[in-house]
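# Structure at a glance
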Amino acid sequence: MLKKLQRKFVGIAFVALVTIVFVQLFAVNIINIYQRDYDLRSTLLLLAENDGHFPSTTVNISDYVSNFWNPFGNGDLNVETPYSTRYFVVKLHGNVVTYISTENIAAVTDRDAFEFASQIYPKEPGFGVIDSYRYYYVKDSDTQKSMIIFIDFQRELESSIALVSVSFFVGLGFVLLLILPVYRFSKKALEPVKTSMEKQKQFITDAGHELKTPLAIISADADVLEICEGENEWLTSIKEQTQRLSVLVKNLVELSKLDETSQEVQHELFNLSEAVLDTAANFETIAKARGLDFSVNAPENIMYKGNEAELRQLVSLLCDNAVKYASENGKVIVTLYKTSKNVCLDVYNDCDSVDKEQLPRLFDRFYRADTSRSRETGGYGIGLSIAKAIVQRHKGRITAESTDSKSLVFKVVL
């Protein structure tokens with residue numbers, strides 16, 4: 001129980017940590033990409049305003065660095081910008097190229113510039129991207145003159161990709177570095193829960209042992225009174241209720257022991273087919289007395305490595321539950337089978353009605369779907385809790401299913 005709770009605690013903390021870290025990194029990268037694109041647009045507009053050239057007066061970079069509230073200011077515009085910016089310009093009159101300038105870029109020839117412009121001038125004016133170039137197409141509708149300015153943003157693109165890669169690995173390393181402290185912290189965080197559960201289990205065990213003696217005395221006194229006074233309804237009621245309390249105390253102590261996380265299952269290989277057949281056979285007479293059609297289907301020699309005593313108890317609990325709550329003249333079918341990966345046990349019984357919404361609650365302690373029926377059959381609402389604990393100790397799962405609301409099947413996967 002505590003290990004499961006700890007895994008959930010660590011899992012939730014891990015998901016929260018991953019979400020926070022990577023949302024921040026995502027935001028940083030998006031802002032970085034936006035800022036670089038903003039800088040490119042600003043540079044293109046500046047070139048367009050100056051007929052394809054940088055102005056003679058440069059922007060003081062300190063104005064942008066000092067402006068904390070304007071992180072998207074174009075800090076690239078300084079005295080070195082004209083020498084570090086790789087760009088070329090193409091001017092057109094109508095659809096005729098009248099001017100090409102490639103002196104500020106070495107990787108593009110005049111013919112390359114012409115081909116790039118030929119792909120763009122039929123389009124609408126504005127910003128765009130072609131290959132690794134950010135361009136700005138401006139057109140004067142009155143004079144039919146237009147200009148296309150291209151800036152190579154390969155360096156910006158590589159820098160952005162590098163930042164994404166580095167931030168991903170830094171974020172991953174940060175999460176992995178913190179998961180160990182989170183795991184250790186989870187143990188301390190669960191210490192109060194662990195202490196409370198241990199006290200609860202100890203109380204149940206101590207109370208169970210303390211109750212055994214007075215219950216035994218009450219039962220013995222009732223027997224003596226019955227001998228002396230003869231049988232009557234009051235003594236019969238005392239003996240029945242004492243017996244019920246004795247069984248309930250026994251079940252509570254047993255469930256408390258099964259919940260002990262420190263108590264490991266003693267695994268041994270045994271014939272599960274024989275165990276199911278032997279255990280289920282004990283309920284055949286009871287089932288027939290109630291007019292039930294009781295059958296067991298178990299192939300020979302299905303071997304399983306686990307705790308034989310606990311699994312026999314599991315079969316007994318499920319069969320007992322099926323026989324008690326089966327509808328009159330109904331069926332009870334116990335089926336053991338093997339899949340490619342698991343050993344499965346199904347216990348089916350007909351019943352009067354099933355509330356499908358309540359099926360998950362059947363394994364809750366002291367839960368009884370039909371209280372009046374439980375009193376008649378002597379149910380305590382704890383048997384299925386013990387069955388679930390046994391299955392969980394064998395790393396399996398147990399579910400309750402109903403397809404038609406007139407039958408119930410408990411499925412165990414080991």
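Our structure's up above, just so we're on the same page.
Let me sum up the structure you'll find in this document. Not measured: the values here are computed from a predicted model.

### Focus on the overall build of the protein chain
For the protein chain, the count of helices and strands is 12 helices and 12 strands. Put simply, of all contacts in the protein chain between residues at least 6 apart along the chain, 67% involve residues at least 24 apart. Summed over all atoms, the accessible surface of the protein chain reaches about 24900 Å², with 56% contributed by carbon and sulfur.

### Some points on the pairing of strand β9 (residues 331-338)
Bridge analysis of strand β7 (residues 293-297) against β9 gives five bridges, and the strand direction is parallel. Residue pairing in the sheet places aspartate 293 in a bridge with lysine 331 of β9. Examined bridge by bridge, β9 and strand β10 (residues 343-350) share seven bridges and lie antiparallel to one another. Its bridge partner lying in β10, valine 334 is registered against valine 347. Here β9 folds back onto β10 in antiparallel fashion, the turn holding four residues.

### Re helix α4 (residues 110-120)
Three or more residues of α4 are buried, namely Ala113, Phe116, Ala117 and Ile120. Down the axis of α4, the buried set is contained in an arc of 100 degrees. They therefore lie on one face. Where α4 is buried, its residues touch β1 (87-93), β2 (96-101), β3 (126-130), β4 (133-140) and β5 (145-152).

### Points about the nonpolar core
Grouped together as the largest cluster of nonpolar side chains are 43 residues, with contacts concentrated most on Leu318 and Leu345. Broken down by secondary-structure element, the contributors of at least two residues to this core are α8 (272-281), α10 (308-325), β9, β10, α12 (383-393), β11 (397-401) and β12 (407-413). The greatest single-element share of this core, amounting to eight residues, is contributed by α10. In this structure leucine 345 touches Val276, Val315, Leu318, Val334, Thr335, Leu336, Phe410, Lys411 and Val412, once residues within four positions along its chain are discounted. Membership of the second largest hydrophobic core comes to 15 residues, among which are Leu92, Ile105, Ile120 and Ile148.

Reading the values: the criteria
Residues numbered from 1 in each chain as written. Predicted model: local features only at pLDDT ≥ 70, side-chain atom pairs only at ≥ 80, totals over all residues. Heavy atoms only, no water. Helix = DSSP H or I, 4+ residues; strand = E, 2+ residues; numbered from the N terminus. Contact = heavy atoms within 4.5 Å. Areas by Shrake-Rupley, 256 points an atom, 1.4 Å probe, with all protein chains shown as cover. Pairing = 2+ DSSP bridges. Buried < 20%, exposed > 50% of the residue type's maximum accessible area, 1.4 Å probe, protein only. Arc of directions from axis to C-beta. Core = buried A, V, L, I, M, F, W, Y, C linked by side-chain atoms within 4.5 Å.

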